[in-house]
Amino acid sequence: AQSVTQLDSHVSVSEGTPVLLRCNYSSSYSPSLFWYVQHPNKGLQLLLKYTSAATLVKGINGFEAEFKKSETSFHLTKPSAHMSDAAEYFCVVSDQSYQLTFGKGTKLSVIP
Amino acid sequence: ETGVTQTPRHLVMGMTNKKSLKCEQHLGHNAMYWYKQSAKKPLELMFVYSLEERVENNSVPSRFSPECPNSSHLFLHLHTLQPEDSALYLCASSQGLGTSGTYEQYFGPGTRLTVT
């Protein structure tokens, strides 16, 4: 069985400061892990994907995430927040099948 | 049109109505999905089609009836819905099914459904 927990439902940062969105997962196998972003009135867009290659994954728009097996974590970071980063972010896990298990989402607010 | 499109974007229907949601993908993919996104709940996978055959039905009530006439189109037929069915319904497609998230899923913008 697989599950994912996003530790914060809402994160607020000032523009230009670092972003940290936390995600812990549970999986019986070596999982694939993803971060998706959803802007208002838009579909989900893939930010980045981990599939057992390098543990530090770089994505679009300056985001990156580090897979830490010992901590069962896959936190999303960005060095400097931009106003356009305000959106909802979903951590997703997939083990042996095509099925994706989504977290409940973290809403990121960026203060000017 | 590019990517995955969904129509209508908003729908209000009464509990006795029958309506359909439409999804079209312009990516040449072979697999399509319906998801339900409710407030405060994780995305729920409803149905999966691969090469126009249904491969997954996640205990979805029969008042939701999917149809996949070809690999580019996916419909969700709705009848006698309940207020708790109000949600954002998202369609997605991928190149294939694969395992362990091999194929990225591309999402449409969703249909916001309100059942009155």
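Everything numeric here is computed off the predicted structure, so don't read it as measured data.

K.L.:
Go over the overall build of chain B with me, naming the residues and quoting the values.
P.N.:
Across its full length, chain B holds 0 helices and 11 strands. In chain B, the order of α-helices and β-strands from amino to carboxyl end is β-β-β-β-β-β-β-β-β-β-β. In terms of overall dimensions, chain B is globule-like: its C-alpha atoms have a radius of gyration of 13 Å, near the 13 Å expected for 116 residues. Every one of the 116 residues in chain B was classed for burial, and the buried ones make up 49%. A total of about 5400 Å² of accessible surface is found on chain B, and carbon and sulfur atoms cover 47% of it.

K.L.:
How would you summarise the overall build of chain A if you had to cite specific residues and measurements?
P.N.:
The secondary structure content of chain A amounts to 0 helices and 12 strands. Going residue by residue from the N terminus, the α and β elements of chain A occur as β-β-β-β-β-β-β-β-β-β-β-β. Computed over its C-alpha atoms, the radius of gyration of chain A comes to 13 Å, within 12% of the 13 Å expected for a compact globule of 112 residues. In terms of overall dimensions, chain A has C-alpha extents of about 40 × 25 × 20 Å along its principal axes. The proportion of buried residues among the 112 residues of chain A is 45%. Here the analysis covers contacts within chain A between residues at least 6 apart in sequence; of these, 57% occur between residues at least 24 apart. Accessible surface for chain A amounts to roughly 5300 Å². Of this, 51% is attributable to carbon and sulfur atoms.

K.L.:
A description of the nonpolar core should follow, citing residues and the corresponding values.
P.N.:
Formed by 26 residues in total, the largest nonpolar core has its most connected members in W35, L48, L76 and Y89 of chain A. Of the residues forming this core, the biggest block, 4 residues, is contributed by strand β10 (residues 87-94) of chain A. Setting aside residues up to four positions removed in sequence, Y89 of chain A forms contacts with Q6, L21, W35, Y36, V37, L47, F63, L76, G105, T106 and L108 of chain A. Ranked by size, the runner-up nonpolar core spans 22 residues in total, among them L11, V60, F64 and A87 of chain B.

K.L.:
How would you explain the sheet that holds strand β7 (residues 64-70) of chain B if you had to name every residue and give the values?
P.N.:
Residue and element names in this part refer to chain B. In spatial order, the strands read β1-β3-β8-β7; together these 4 strands make up an open sheet with antiparallel pairing. Among the strands making up the open sheet, the edge pair consists of β1 (4-7) and β7. Strand-to-strand twist of the sheet, defined as the mean angle between neighbouring strand axes without regard to direction, takes the value 20 degrees. Bridge analysis of strand β3 (residues 18-25) against strand β8 (residues 73-79) gives 7 bridges, and the strand direction is antiparallel.

K.L.:
With reference to specific residues and values, describe the state of the cysteines.
P.N.:
Evaluated as defined, the whole model comprises 2 disulfides over all chains. Between the sulfur of C23 of chain A and that of C91 of chain A lies a disulfide, 2.0 Å long from S to S. Taking the torsion about the S-S bond as the criterion, the C23 of chain A to C91 of chain A disulfide, at about -70 degrees, is left-handed. Of this pair, C23 of chain A sits in strand β4 (residues 23-26) while C91 of chain A sits in strand β10; the two residues are 68 residues apart in sequence, bridging distant segments of the chain. Of the residues examined, C23 of chain A reaches a relative accessible area of 0% and is grouped as buried. Its relative accessible area of 0% is what places C91 of chain A among the buried residues. Sulfur of C68 of chain B: no disulfide; nearest cysteine sulfur belongs to C91 of chain B and is 9.1 Å away.

K.L.:
So what's going on with the confidence of the model for chain B? Residues and values would help.
P.N.:
Model confidence for chain B is summarised by a mean pLDDT of 91, while 97% of its residues fall at 70 or above. The weakest mean pLDDT in chain B belongs to strand β6 (residues 53-57) of chain B at 84; the strongest belongs to β3 of chain B at 97.

K.L.:
Talk me through the pattern of salt bridges; I want residue IDs and the actual numbers.
P.N.:
All names here are of chain A. Counted according to the given criterion, the structure contains 5 salt bridges over all chains. For the salt bridge of D8 with R22, the shortest nitrogen-to-oxygen distance reads 3.0 Å. A residue pair is termed long-range when its members are at least 10 positions apart, and D8 in the loop between β1 (3-6) and β2 (10-14) and R22 in the loop between β3 (19-21) and β4 qualify at 14 residues. Residue R22 is classed as partly exposed on the basis of its relative accessible area, which comes to 33%.

Calculation rules
- Residues numbered from 1 in each chain as written.
- Chains lettered and ligands numbered in written order.
- Predicted model: local features only at pLDDT ≥ 70, side-chain atom pairs only at ≥ 80, totals over all residues.
- Heavy atoms only, no water.
- Helix = DSSP H or I, 4+ residues; strand = E, 2+ residues; numbered from the N terminus.
- Rg over C-alpha atoms; globule rule 2.2 N^0.38 Å.
- Buried < 20%, exposed > 50% of the residue type's maximum accessible area, 1.4 Å probe, protein only.
- Areas by Shrake-Rupley, 256 points an atom, 1.4 Å probe, with all protein chains shown as cover.
- Contact = heavy atoms within 4.5 Å.
- Core = buried A, V, L, I, M, F, W, Y, C linked by side-chain atoms within 4.5 Å.
- Pairing = 2+ DSSP bridges.
- Axes fitted to C-alpha atoms, helices over the stretch in contact; angles between N-to-C directions.
- Disulfide = S-S within 2.5 Å.
- pLDDT = per-residue confidence, 0-100.
- Salt bridge = Lys/Arg side-chain N within 4 Å of Asp/Glu carboxyl O.

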